[in-house]
Amino acid sequence: MKILIVCPKVNDQVQFLASELEKMSLHIEITENVHPIRLLLNKYDLIHFIHNDDKINLKTVLSAWSAKALGTATMLTTYSRLEPGLLQEFEFNFFDSITLPYISELKKMRFYRGPKLILPSFPPSGLIAKKEFSFEQKQFIFPVVKSFDDLLKINLQALTVLNEQDGLFVDAHMLRSKKEAGQSSALRKAWTAFVKKHPQFKNFKLFTEPTTLNEVLDENSSYTFIHHLDLTSEQVAFWMGTALTYNNFLVLHEDQGSGLSNFWKTEKNCYIYSPRLPASTQLHTINSFLENAQGPAKLHFDFRSALDVKLNELARLYTKIVSQRASLMQPDSAKL
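Here goes a summary of the coordinates provided. Predicted model only: the values in this text are computed from it and were never measured.

### Re the environment of N248
- In this structure, N248 sits in the loop between α8 (233–246) and β11 (249–253).
- Counting along the chain gives 30 residues from N248 to D218, while the straight-line C-alpha distance between them is 9.1 Å.
- In contact with N248, other than residues within four places in its own chain, are L217, S222, Y223, T224, T242, A243, N269, L299 and F301.

### Here's the deal with the pairing of strand β3 (residues 46–51)
- With six of its six residues buried, β3 lies for the most part within the structure.
- Taking every second residue as pointing to the same face, both faces of β3 are buried, with L46, H48 and I50 on one and I47, F49 and H51 on the other.
- Bridge count between strand β1 (residues 2–6) and β3: four bridges; the pairing is parallel. Looking across to β3, one finds that I3 is bridged to L46.
- Note: β3 against strand β4 (residues 73–78), six bridges, orientation parallel. Across the sheet, residue L46 finds its bridge partner in β4, namely A73.

### Topic: the side chain of H227
- Along the chain, the position of H227 falls in the loop between β10 (221–225) and α8.
- A relative accessible area of 12% places H227 in the buried class.
- Sequence-distant contacts of H227, that is, excluding residues within four places in its chain, are made with V251, L252, H253, Q256 and Y273.

### Remarks on helix α9 (residues 279–291)
- A rise of 1.5 Å per residue sets the reference length of α9, with its 13 residues, at 18 Å; its end C-alpha atoms lie 18 Å apart and thus fit the reference within 8%.
- Along α9, the positions that sit buried rather than exposed are Q282, L283, I286, N287 and L290. Seen end-on, α9 carries its buried residues on one side only, within an arc spanning 140 degrees. Turned more than 90 degrees from where α9 packs its buried face, S280 and H284 sit exposed.
- Contact partners of the buried residues in α9: β7 (138–143), β10, β11 and β12 (270–273).

### Points about the pairing of β11
- Most of β11 sits out of view: four of its five residues are buried.
- Where β10 lies against β11, three bridges are found, and the strand directions are parallel. Following the sheet pairing, Y223 is matched in β11 by F249.
- A crossover links β10 with its parallel partner β11, the connecting element being α8, and its sense is right-handed.
- Here β11 runs beside β12; their pairing, made up of four bridges, is parallel. Residue pairing for β12: L250 is matched across the bridge by C270.

Parameters at a glance
- Residues numbered from 1 in each chain as written.
- Predicted model: local features only at pLDDT ≥ 70, side-chain atom pairs only at ≥ 80, totals over all residues.
- Heavy atoms only, no water.
- Helix = DSSP H or I, 4+ residues; strand = E, 2+ residues; numbered from the N terminus.
- Contact = heavy atoms within 4.5 Å.
- Buried < 20%, exposed > 50% of the residue type's maximum accessible area, 1.4 Å probe, protein only.
- Pairing = 2+ DSSP bridges.
- Expected span 1.5 Å × (residues − 1).
- Arc of directions from axis to C-beta.
- Right-handed = clockwise from strand over helix to strand, strands pointing away.

Written as structure tokens, this is what we have:
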């Protein structure tokens, strides 16, 4: 099967996906934009459009229209959260299939009648655990991505497992802007003001550098709470990468884990926080697990198996929509 991947901003994520698909005996080409003449001359079986933006640009829609006019199957992958409106509902109909990063995004697409698949961002390939998992001393990390107010979404009083003897950290490295120098000092001032207003966080230590996060994760057994955050698929992949590298136990929301649902094993390498269960019940479970954690020396992280499952799902979807498109292009007499 000959597939053209079209992505306005080709990055490591796109390159990794392409290389994995080629291992499955698929012929893959990558381009940042495509001209209808290229589609006419090369006779691709499928054009796979990949976007990181929450809106589809006009060039992509026109390219999809050209491909379908030539009888070529089309797929759209977006790694962003969507707010579907009438215009986007119209645009999605130019694609034979779509993939989205979370189950919540899939539910928004009830209007779309074509095949759908959850396809998340993947962490970097070849990650190797740097340390054994120890239960001698616990560290608790609470990242923020928008502001320190993200922390107010967590019921700290119910998390009785937290105490001053353990390391309590707030990770603010994602608040830093690459364009603004000296922002670390500004964040520390904001943190001081936040703690003054919310003294329940007075025992937490703030860090603003990603290198500090690596140092913290490499010291002792670490538990990172991300279930309270509205993360992009790329950010979830980042935390998944830290879990693979540092044997870091994640407390995540079920939507965050839906991209590679067969990778996560609750109370083995994560705790899945579900909005369908009472918060008090879940926090009690988290407390009990963390207080009595006597697990193996190394957490169970079988990323390769989870990745293969997702890639096989994608390959089967390729085959399905290519067959459907070929069937639609046959004359009526040939279908009988």
